[in-house]
Amino acid sequence: MTVITKQNGQLKVPAQPTIPFIAGDGIGPEIWAAAQPLFDAAVTAVYGATKAVDWQPLLAGEAAFKATGEWLPQATLDALKTNLVAIKGPLTTPIGGGHRSLNVTLRQKFDLYACFRPIHYFAGTPSPLKQPEKTEMVVFRENTEDIYAGIEYAPGAASAQLRQLLAADQQLSKVRFPEESAFALKPISKSGSQRLVKSAIDYALANHLPSVTLVHKGNIMKLTEGGFKKWGYALAEQTYADQVFTWETYRRLAETDQTAADAAYQAAQQAGKLIIKDVITDNFFQQALIAPEQFSVVATPNLNGDYISDALAAQVGGIGIAPGANINYETGAAIFEATHGTAPQFVGQNKLNPTSIILSGALLFDYIGWPEVATKIRQAVAAAILQKHVTWDFATKIPGATQLSTSDFGAYLITQLS
Ligand code: NAD
């Protein structure tokens, strides 16, 4: 039995699990070639011969199209469904036409509603900030709703019915150039928002973190992003009443009695309760630079989360080092992934940083309950950066660095495992 399953709410992981991987397009095969031997060496370093991963290659993207004529073959979807946990490199998405983003398709196909992006600073990493170590956050980005539903109408005939609907609703006058406008729909639901916020709260509680911040643009998009905030607070107050204290509660108390509100807030902090707060997205971006230490876990709708997770990644070294995962905490399905794209201009140069997929692998080992392997991998990455043995992207920014190729960097990390 090599299949990872979920039974009674628990992942069941055999000693030799099959884990599918999609090496991906562009630089994907180069970073994967650096990562997989490291993963195997880390598993052996921890468990000897008692555990091992059976990596199963799957086709997707350009490689799949060349081999099968399909971008996302059914065999790949079947293997992902059977094996529950997988890892992938980047996949090409043609802009302004062609097929839909394969990443978005995978997230929607397997209902991977939480995009999990931890942001951690490794000492010695080049950063635009003076104190990058203060940026220590975990972003939970909603992955299945919002503008990413991909419902768009071109100007003219395609949007005619929508314009009629808006006219009947007295909304069309709000559109400055109605005939010329393309339209997009932004579905955000109570269930979609609450299951994402639940993931963030569960994570914060399990890891004893101080706060969850709902980042939203509800001042403008009152029913969609405002709904996300409202439903998030409602979930926190209804489901976690004994464990959390919300800014919503604070504001309600303060309306009648400021002193009582302050006292309640202080008492909650002293009792170690998880603080649930909110901030408007534009303010979040400036606060995240000026005072990042005020944020811990962040929960946010899809588009905000896309921007936020890359911006925060830049604060601690960039997308070349930022790990990520797409998870359905109910079914257990999870795809861990490099957060950067295919970097087409660097293909075949064996030059870029494989750390994003390597740290995503560490997240995968945490997820399947092999945390010692994850720790070993992170320690190796930390050691290599401290010793200034890095790939080109960091070497050009660290005085006195030794520049390693993608493959040599992977091999160097293996030497740092013991
Ligand atoms: P990109 O991430 O491929 O590259 C942007 C820049 O980031 C690169 O020029 C490079 O300077 C830097 N970079 C990327 N990966 C790096 C690494 N491993 N190490 C160091 N630096 C790195 O983004 P793009 O150029 O906007 O997109 C190229 C293609 O990738 C597009 O087809 C896009 O749709 C796709 N894409 C895929 C994913 C995914 O599969 N998850 C994510 C983003 C973009």
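Just so we're clear, the structure is a prediction, and the values are computed from it rather than from any experiment. (Residues numbered from 1 in each chain as written. Predicted model: local features only at pLDDT ≥ 70, side-chain atom pairs only at ≥ 80, totals over all residues. Heavy atoms only, no water.)

### Some remarks on the site of the ligand
Under the convention used in this document: Here a residue is near a molecule or strand as soon as one of its heavy atoms is found within 4 Å of it. Throughout this description, a polar contact denotes any pair of N or O atoms lying within 3.5 Å of each other; where both atoms belong to protein, one of them has to be capable of donating a hydrogen while the other can accept it, and for residues adjacent in sequence the pair is counted only when both atoms sit in side chains. Surface accessibility follows the Shrake-Rupley procedure with a 1.4 Å probe radius. Residue values consider only the protein chains on display as shielding. Note that Gly is not counted as nonpolar here; it falls among the polar residues with everything else outside the nonpolar set of Ala, Val, Leu, Ile, Met, Phe, Trp, Tyr, Cys and Pro and the charged set of Asp, Glu, Lys and Arg.
The ligand sits among 21 residues. The nearest are Leu91, Asn103, Gly341, Ala343 and Asn353. Take Leu91: an N or O atom from its main chain is 2.8 Å from an oxygen atom of the ligand. For the ligand, the protein covers 70% of the area, taking 810 Å² as the surface of the free molecule. Partitioned by chemical class, the residues of the shell around the ligand number nine nonpolar, nine polar and three charged.

### Some words on unusual backbone geometry
Applicable threshold: Each helix corresponds to a stretch of at least 4 residues labelled H or I by DSSP, and each strand to a stretch of at least 2 residues labelled E; elements are numbered beginning at the N terminus. Residue burial is assigned from relative accessible area. The probe radius is 1.4 Å, only protein chains are included, and a residue is buried under 20% of its type maximum, exposed over 50%, and partly exposed in between.
You will see that Asp146, though not glycine, has its phi angle at about 70 degrees, which is positive. Its location among the elements puts Asp146 in the loop between strand E7 (137-142) and strand E8 (152-153). Classification of Asp146 as buried rests on a relative accessible area of 1%. Phi angles above zero are rare outside glycine, and Asn350 is one such case at about 50 degrees. Tracing the backbone through its elements, the reader meets Asn350 in the loop between strand E15 (334-338) and helix H12 (355-367). Exposure remark for Asn350: the relative accessible area of 26% places this residue in the partly exposed category.

### Looking at the pairing of strand E13 (residues 297-300)
Keep this limit in mind: In this description, strands pair whenever DSSP reports at least two bridges between them.
Burial of the side chains of E13 extends over both faces: Val297 and Ala299 are buried on one face and Val298 and Thr300 on the other. Where E7 lies against E13, four bridges are found, and the strand directions are parallel. What sits directly across from Arg141, in E13, is Thr300. As defined by bridge partners, strand E10 (residues 211-216) adjoins E13 across three bridges and the pair is classed as parallel.

### Focus: the packing of aromatic side chains
As a reminder, the rule being used: Stacked, tilted and edge-to-face are the three classes assigned to paired rings of Phe, Tyr and Trp, where Trp is represented by its six-membered ring and a pair needs centres within 6.5 Å; plane angles under 30 degrees give stacked, over 60 edge-to-face, the rest tilted. Two conditions define a charge sitting above a ring: the NZ of Lys or the CZ of Arg must be within 6 Å of the ring centre, and it must be within 35 degrees of the ring normal.
For the coordinates displayed, the defined rule picks out 17 aromatic pairs. Summarising the aromatic geometry, the rings of Phe284 and Phe285 are spaced 6.3 Å apart at their centres and angled 75 degrees between planes, so their arrangement reads as edge-to-face. Measuring from centroid to centroid gives 6.1 Å for Phe365 and Trp370, while their planes differ by 15 degrees, and the two rings are stacked. Each member of the pair Phe365 and Trp370 is classed as buried. Among the aromatic residues, ring-to-ring pairing joins Phe21, Trp32, Phe39, Tyr47, Trp55, Phe365 and Trp370 into one connected group. A cation sits over an aromatic face here: Lys51 above Tyr47, 4.3 Å from the ring centre. The ring of Tyr148 carries the charged tip of Arg141 above its face, separated from the ring centre by 5.1 Å.

### Examining the sheet that holds strand E5 (residues 85-88)
Just so we agree on the cut-off: Axes here mean lines fitted to C-alpha atoms, for a helix over just the part in contact, with angles spanning 0 to 180 degrees between N-to-C directions. The contact rule is simple, with two residues in contact once any of their heavy atoms fall within 4.5 Å.
Within the open sheet, the 11 strands sit side by side as E4-E3-E5-E15-E14-E6-E7-E13-E10-E12-E11. Their pairing is mixed. With partners counted over all chains shown, the strands left at the sheet margins are strand E4 (54-57) and strand E11 (244-246), one partner each. Each adjacent strand pair in this sheet contributes to an overall mean axis angle of 25 degrees, direction not counted. Set on the sheet, helix H3 (residues 74-83) makes contact with strand E3 (18-22), E4, E5 and E15; between it and E3 the angle comes to about 140 degrees.

### Details of the pairing of strand E12 (residues 274-280)
The buried fraction of E12 amounts to six of the seven residues, a majority that puts the element mostly inside the structure. Relative to E12, E11 runs parallel, the two being bridged by three bridges. Bridge pairing links Val244 to Leu274 in E12.

### Some thoughts on the packing of helix H8 (residues 247-256) against helix H9 (residues 258-270)
For clarity, the threshold we go by: If an angle is under 35 degrees, it is roughly parallel; if it is over 145, roughly antiparallel; if it lies from 65 to 115, roughly perpendicular; otherwise it is oblique.
It is at 6 Å that the axes of H8 and H9 come closest, and there the two elements cross at 155 degrees. If you check the angle between H8 and H9, you find them roughly antiparallel. Contact residues: H8 offers Trp247, Tyr250, Leu253, Ala254 and Thr256, while H9 offers Gln258, Ala261, Asp262, Ala264 and Tyr265. Per-class residue counts for the contact of H8 with H9 are seven nonpolar, two polar and one charged.

### Describing the packing of helix H1 (residues 28-47) against H12
Definition in use: Each crossing gets its hand from how the near helix is turned against the far one by less than a right angle, where anticlockwise is left-handed and clockwise is right-handed.
Across the interface, H1 lies against H12 with an axial gap of 9 Å and an inter-helix angle of 35 degrees. Relative to H12, H1 is oriented so that their crossing is right-handed. Residues Ile31, Trp32, Ala35, Leu38, Phe39 and Val43 of H1 touch H12, and the partners they reach there are Ile357, Ile358, Gly361 and Phe365. The residue makeup of the contact of H1 with H12, split by class, is nine nonpolar, one polar and no charged.

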